[in-house]
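Fold and geometry: a report
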Amino acid sequence: MNILIMGMGYVGVTTGLLFAELGWQVTGLDTDTIKIQALSEGKLSFYEPGLDLLLKKHIESGNINFISSPEKGIRENAIIFICVGTPSDKDGSADLQAVRGVAQSIGSFMNEYKIITVKSTVPIDTNRKLVQWVQESQSYPHPFDVVSNPEFLREGSALYDSFHPDRIVIGSTSEHASTVIQSLYDQIKAPLFVTTPRTAEMIKYASNAFLATKISYVNELSRLCETLGVNISDVTTGMGMDQRIGPQFLKAGIGYGGSCFPKDSMALLYTAKENQIDLSILDKVVAVNNSQTTHFLNLWEQQLCGFRDKTIGILGISFKPNTDDLREAPALAIIQQLIDKQANIRVHDPIAKLPEHLRSASVQQFDAIEITLQQCDAVILCSEWKDYREANWQQLRTVMNKQVIFDGRNMLDGKEMTKLGYSYFGIGNR
Ligand code: UDX
């Protein structure tokens, strides 16, 4: 069984390499010829630990190849995975243009029975629309089945998550198609949940929105903890010991970012609105996330008696560690607010590069942590890269003008930092 992956973004490349590693013959398709050329040479357009090695391994093994011709890809493969992006439209809904485009290509070039599997995160009923889009483009009515197989991997741990998923969800009205897609994952030990396409689509949104809810819940509580002088990290440690709550996604911080939680929460809210249902909890989740950076920046500003003309070090700009992804990164919101408050900003990230539009004489990026923190009046930790946890804070204090740490991810040991002579402020952790 040959597999075609349409869309060589984050999910597409990882899924392709998972199947290549499981021994299947995989073709990666993207109409971006530069991306395809780079992938064929073993180069990724994003940073993800371990993925580059697997890419090189399977270019050599011949289990994966990359092409830019939809016609060739569609004709030569019986199983097609759709992994194209579904970005937010202006109104918050998911923009399905790319999904529709690949559906039309599949319809036009189809030459025999195909199983079309959707991995892209798509609103409820997209699988149904997909059938229509494919049929409308067919010149001959070749049969096909559609399967929803949502992806739950996290950036920064994409490979581990792909090989050790908590569950595999398969939604299809065709028993045959569902069995074929299940068989692709035979070697993966994970519970399987087979359901309808609409339920599978909903599971993906509901899961992401629930994780975002956990985060916003503790982030809002962190504001109260801050005022009460109670440590939110200790509170969530105690909460997480209850198996009904669980310890994960209870880490208070400057808010969630990335390509999924913000976009998918908005898309689910849009679907609810379309159906005249008020998802008031999710509405609040988004509002808390949007105000978390401002809430803490205001508190920190008071500690410094204003940010104007102060030199602030920013450590970590990606939305989380182990990725160079800056989409919806809270650090960028912080930098923008500091620019508005006329601070001088010195930025460091082990991998991610500060976008051009934020660079200026007063916003600069440096390669080394100790250079970044030179003459700083305070440092704000925005993503919890191990480099910062393991940095020599004893030595770093000597290069700073004032020894003030604002730990936006509660990643350092506050007591330890205080011992070293820093004024340490975390999130909900006075
Ligand atoms: C998420 C989902 O976890 C994954 O299942 C889905 O497929 C895609 O979206 P991702 O966005 O890659 O994955 O990263 P994740 O680890 O979930 O973190 C998202 C954001 O939440 C980050 O900004 C992170 O810093 C923040 N976060 C996470 C917290 O603030 N606190 C936590 O306890 C956990």
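Residue numbers restart at each chain and count upward from 1, following the sequence in its written direction. Where totals are concerned, whole chains, interfaces and linings use all residues; where local detail is concerned, this predicted model gives features only for residues with pLDDT of at least 70, and gives and counts side-chain atom pairs only at 80 or more.

Looking up the protein in an unreviewed UniProt entry gives the name UDP-glucose 6-dehydrogenase, with the organism given as Paenibacillus qinlingensis. Annotation of the protein in UniProt includes, under Catalytic activity (unreviewed entry), the sentence "UDP-alpha-D-glucose + 2 NAD(+) + H2O = UDP-alpha-D-glucuronate + 2 NADH + 3 H(+)". UniProt positions are given in the numbering used here, feature names are shortened, and annotations may be inferred rather than shown by experiment.

**Comments concerning the packing of helix α9 (residues 197-228) against helix α12 (residues 280-304)**
As a rule, the C-alpha atoms of each element are fitted with a line to give its axis, helices using only the stretch in contact, and angles between N-to-C directions run from 0 to 180 degrees. Counting from the N terminus, the helices are the DSSP runs of H or I reaching at least four residues and the strands are the DSSP runs of E reaching at least two. Between α9 and α12, whose axes approach to 9 Å, the crossing angle comes to 50 degrees. Compared by their axis directions, α9 and α12 come out oblique. For α9 against α12, the interelement crossing comes out left-handed. Contacts between α9 and α12 pair A209, A212, T213, S216, N219, E220 and R223 from the former with I281, L282, V285, V288, N289, Q292 and H295 from the latter. Residue composition of the contact of α9 with α12, grouped by class: six nonpolar, six polar and two charged. Here roughly perpendicular refers to angles of 65 to 115 degrees, roughly parallel to angles under 35, roughly antiparallel to angles over 145, and oblique to all remaining angles. The sense of a crossing depends on the near helix, which, turned anticlockwise from the far helix by less than a right angle, makes the crossing left-handed and, turned clockwise, makes it right-handed. Here, residues touch in the contact sense if the C-beta positions derived from the backbone fall within 7 Å of one another. The nonpolar class holds Ala, Val, Leu, Ile, Met, Phe, Trp, Tyr, Cys and Pro. Asp, Glu, Lys and Arg form the charged class, and all remaining residues, Gly among them, are polar.

**Comments concerning the site of the ligand**
Among the 19 residues in the neighbourhood of the ligand, the closest are listed as E155, K251, Y256, G258 and C260. With three residues, α9 is the largest single contributor of residues to the shell around the ligand. The class makeup of the residues in the shell around the ligand is 10 nonpolar, four polar and five charged. Put plainly, near means the residue's C-beta atom, positioned from the backbone, lies within 6 Å of the molecule or strand in question.

**Quick notes on the domain arrangement of the protein**
Boundaries of every domain are those given by an automatic assignment or by a domain database. Split into domains, the protein comes out as domain 1 (2-195) and domain 2 (294-425). A straight line from the C-alpha centre of domain 1 to that of domain 2 covers 38 Å. Taken residue by residue, the interface counts six residues in domain 1 and seven residues in domain 2. Classifying every residue of the side of domain 1 that touches domain 2 by side-chain character gives three nonpolar, one polar and two charged.

**Re the nonpolar core**
As used throughout, a nonpolar core is a set of buried Ala, Val, Leu, Ile, Met, Phe, Trp, Tyr and Cys residues joined through C-beta atoms within 7 Å of each other. To sort residues by exposure, count the other C-beta atoms lying within 10 Å of each residue's C-beta; 20 or more gives buried, 12 or fewer gives exposed, and values between give partly exposed, all with C-beta atoms placed from the backbone. Counting residues in each nonpolar core, the largest one holds 108 residues, and the members touching the most others are M6, I82 and I314. With nine residues, the single largest contributor to this core is α9. Composition of this core by domain shows at least three residues from each of domain 1 (2-195) and domain 2 (294-425).

**Points about the sheet that holds strand β8 (residues 192-195)**
For two strands to count as paired, DSSP must find a minimum of two bridges between them. Taken together, the eight strands give an open sheet; going across it, the order is β3-β2-β1-β4-β5-β6-β7-β8, and neighbouring strands pair in mixed fashion. Two strands bound the open sheet, and with one partner strand each, they are β3 (64-67) and β8. Looking at each pair of strands side by side, their axes are set apart by 25 degrees on average, direction ignored. As paired elements, strand β7 (residues 168-172) and β8 share four bridges and run parallel to each other. By the bridge assignment, G171 is partnered in β8 with T195.

**With respect to the pairing of β7**
The buried fraction of β7 amounts to four of the five residues, a majority that puts the element mostly inside the structure. Here two bridges tie strand β6 (residues 144-148) to β7, and the two strands are oriented antiparallel to one another. Bridge assignment links V147 to a residue of β7, and that residue is S172. The β-α-β motif built from β7, the intervening helix α8 (residues 175-184) and the parallel element β8 has right-handed crossover chirality. Note on handedness: a clockwise path from strand one over the helix to strand two, with the strands aimed away from the viewer, defines a right-handed crossover.

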